[in-house]
Amino acid sequence: MDNLIGWVNRTFHQELSLGELQKRLLKDSGTLENYVQQAADNVWGVSSTLLGGLFQAFTVGLFTFYFTAEGPRVRRTVCSLLPPAKQGEVLRAWEIALAKTGGYLYSRAVLAVVSAAGHWVMFALIDLPYSAALAIWVGVMSQFVPTIGTYLAGALPVLVALTVEPVDALWVLVFTVVYQQVENYVLHPRITARTVDVHPAVAFGAVIAGAALLGAVGALIAIPAAATLQGFVGTYVRRYEVATDPRIDRGEQRRARRELRREAARRLRRMVGGDGG
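As a starting point, this report considers the structure included with it. (Residues numbered from 1 in each chain as written. Predicted model: local features only at pLDDT ≥ 70, side-chain atom pairs only at ≥ 80, totals over all residues. Heavy atoms only, no water.)

## Side note on the pattern of salt bridges
- Taken as a whole and assessed by the stated rule, the structure comprises one salt bridge.
- Salt-bridge contacts for Glu263 lead to Arg267; the nearest nitrogen and oxygen are separated by 3.4 Å. Here Glu263 pairs with Arg267, and both are found in helix H11 (residues 246-276), just four residues apart, close to one helical turn.
- Residue classification places Glu263 among the partly exposed positions, given a relative accessible area of 26%. (Salt bridge = Lys/Arg side-chain N within 4 Å of Asp/Glu carboxyl O. Helix = DSSP H or I, 4+ residues; strand = E, 2+ residues; numbered from the N terminus. Buried < 20%, exposed > 50% of the residue type's maximum accessible area, 1.4 Å probe, protein only.)

This is how it looks when you write it as structure tokens:
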């Protein structure tokens, strides 16, 4: 408290003291008591929500482990209940679901590693204590805890930085917010498109729908479910050739012209480079 009051006085040209703060707190003890009671109620509500989310995540993880360990036996049991003509279709659908879910988990793991590395560099630059552990915390929590994971991930480094220097906490907060924007608009769509092959708009809508229907667990499984459904549609729904129409081909024609201009520019550069050599 002494260090914090000294920093406030130096930075904002105040004349605060610990005794003055104590008098103000005792003077407004009724207001402070009400505020503490409300904060305690909020803390209990947040804690119960967090514990419920952790329990749901543990339940999903436990069932995932057993289904993975007993995968061949489960597939054999399911197929034994179906006629031979349907068994191949069920196994094909099963493989699509596994591939899409695996791709989603792989993308989250890649994003977690990138996030942890970026935050570790930032924490090391400002000499934040436990920088490696805090960076791993940010990477894991922000990627594998839906909805509130980003806020939980950034809150702990900010609190740790406050114990060292309030300015460092501000830098940590700014970097976390900026990195989250870069991840949401640059890294996440590109990595998800390669591993899960789901359009970013579809992924965003699936997360909203999953969270509305099933809460945190729905948000977690929304993207793999959407990818699996998209895989089923691509496998079993017949597609037809689209007739030529200016209302459809207008965008394709513009892209084709841009590609032709880029190709001509590349050829010109190669010719100029060859002449100069």
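Now, onward.
## Some remarks on unusual backbone geometry
- We note that Asp127 has phi near 60 degrees; this positive angle belongs to a residue other than glycine.
- Structurally, the position occupied by Asp127 is in the loop between helix H5 (84-125) and helix H6 (131-144).
- Of note in this structure, Tyr130 is not a glycine but carries a positive phi near 55 degrees.
- Counting through the fold element by element, Tyr130 comes out in the loop between H5 and H6.
- For Tyr130, a relative accessible area of 65% gives the class exposed.

## Quick notes on the side chain of Ser115
- Relative to the helices and strands, Ser115 resides in helix H5.
- Those residues in contact with Ser115 that lie beyond four places of it in its chain are Val138, Gly139, Ser142, Gln143, Tyr179 and Glu183. (Contact = heavy atoms within 4.5 Å.)

## A short note on H5
- When the terminal C-alpha atoms of H5 are compared, their 62 Å separation across 42 residues agrees well with the 62 Å that a helix rising 1.5 Å per residue should span.
- Downstream of H5 by one or two residues, Asp127 has phi in the positive range, about 60 degrees. (Expected span 1.5 Å × (residues − 1).)

## Thoughts on the packing of aromatic side chains
- Counting across every chain of the model gives two aromatic pairs.
- A ring pair is formed by Trp7 and Phe12, whose centres lie 5.9 Å apart and whose planes are at 85 degrees; its orientation type is edge-to-face.
- On the basis of relative accessibility, which here comes to 16%, the residue Trp7 falls in the buried class.
- Where Phe175 meets Tyr179, the ring centres are 6.3 Å apart and the plane angle is 20 degrees; that geometry is what we call stacked. Placement of the pair is Phe175 and Tyr179 together in helix H8 (residues 166-195), with a separation of four residues, close to one helical turn.
- Given the relative accessible area of 10%, Tyr179 is considered buried. (Phe/Tyr/Trp six-rings, centres within 6.5 Å; stacked < 30°, edge-to-face > 60°.)

On their own, these measurements won't tell you what the molecule is for.
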